[in-house]
Amino acid sequence: MKSSGFNIEDTHMRDIVRIARLVAIVCVALVWAYLVGEHKDINIRPIRVLKHGRKAKSLVKYGLEEIATMLMRPSYNPKFDVFKFLSCT
């Protein structure tokens, strides 16, 4: 949620209504990134496991990287539709 993800601390917000809206949006983004990361880890390419047995990055970070790459590089052709995880159907 902090510097290596959503940078919540950089907002410097004080209005409680705006903070509540931001938290709601960040919660949706967090779940979206987790679902994309989990799907990519299971179906596309597993996250590398380090010598001590833990994964090199979290599922959220893995998903967030995929979403950011897809949004920032128009020429990038993802192997799956990351927007399908936002749908309730």
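Parameters at a glance
- Residues numbered from 1 in each chain as written.
- Predicted model: local features only at pLDDT ≥ 70, side-chain atom pairs only at ≥ 80, totals over all residues.
- Heavy atoms only, no water.
- Helix = DSSP H or I, 4+ residues; strand = E, 2+ residues; numbered from the N terminus.
- Buried < 20%, exposed > 50% of the residue type's maximum accessible area, 1.4 Å probe, protein only.
- Contact = heavy atoms within 4.5 Å.
- Lys, Arg positive; Asp, Glu negative; His and termini not counted.
- Charge placed at Lys NZ, Arg CZ, Asp CG, Glu CD.
- Salt bridge = Lys/Arg side-chain N within 4 Å of Asp/Glu carboxyl O.
- Expected span 1.5 Å × (residues − 1).

Colleague: What am I meant to see in the overall build of the protein chain here?
Modeller: Along the backbone of the protein chain there are two helices and zero strands. Dimensions of the protein chain, computed from the C-alpha atoms along their principal axes, are close to 40 × 35 × 25 Å. Looking at the protein chain residue by residue over its 89 residues, the buried ones come to 22%. A separation of at least 24 residues holds for 44% of the contacts in the protein chain among residues at least 6 apart in sequence. Side chains of the protein chain give 15 positive and 8 negative charges; the mean places of these two sets differ by 5 Å.

Colleague: I tried to follow the pattern of salt bridges on my own but got confused; where do I start?
Modeller: Where charged atoms of side chains with opposite charge meet at close range, the side chains can pair. One pass over the full model with this rule turns up three salt bridges. Across the salt bridge formed by Glu 65 and Lys 57, the nearest N and O atoms sit 2.8 Å from each other. A residue is classified by how much of its surface remains accessible, and Glu 65, at 30% relative accessible area, is partly exposed. For Lys 57, a relative accessible area of 30% corresponds to the partly exposed category.

Colleague: Please explain the side chain of Glu 66 as it appears in this structure.
Modeller: As for its position among the elements, Glu 66 is in helix 2 (residues 59-72). If sequence neighbours within four positions are ignored, Glu 66 has contacts with Val 36, Lys 40, Tyr 76, Pro 78, Phe 80 and Val 82.

Colleague: Please explain helix 2 as it appears in this structure.
Modeller: Every α-helical turn comprises 3.6 residues, leaving residues that sit three or four positions apart pointing alike. Helix length check: helix 2 (14 residues) gives 20 Å between terminal C-alpha atoms against 20 Å at 1.5 Å per residue, within 8%. Where helix 2 is buried, its residues contact helix 1 (16-44).

Colleague: Help me understand the environment of Phe 83, please; the structure alone is not making it clear to me.
Modeller: Note that Phe 83 resides in the segment after helix 2. Measuring from C-alpha to C-alpha, the distance between Phe 83 and Val 36 comes to 9.0 Å, with 47 residues separating the pair along the chain. Ignoring anything within four residues of it in the chain, the contact list for Phe 83 reads Trp 32, Met 70 and Leu 71.

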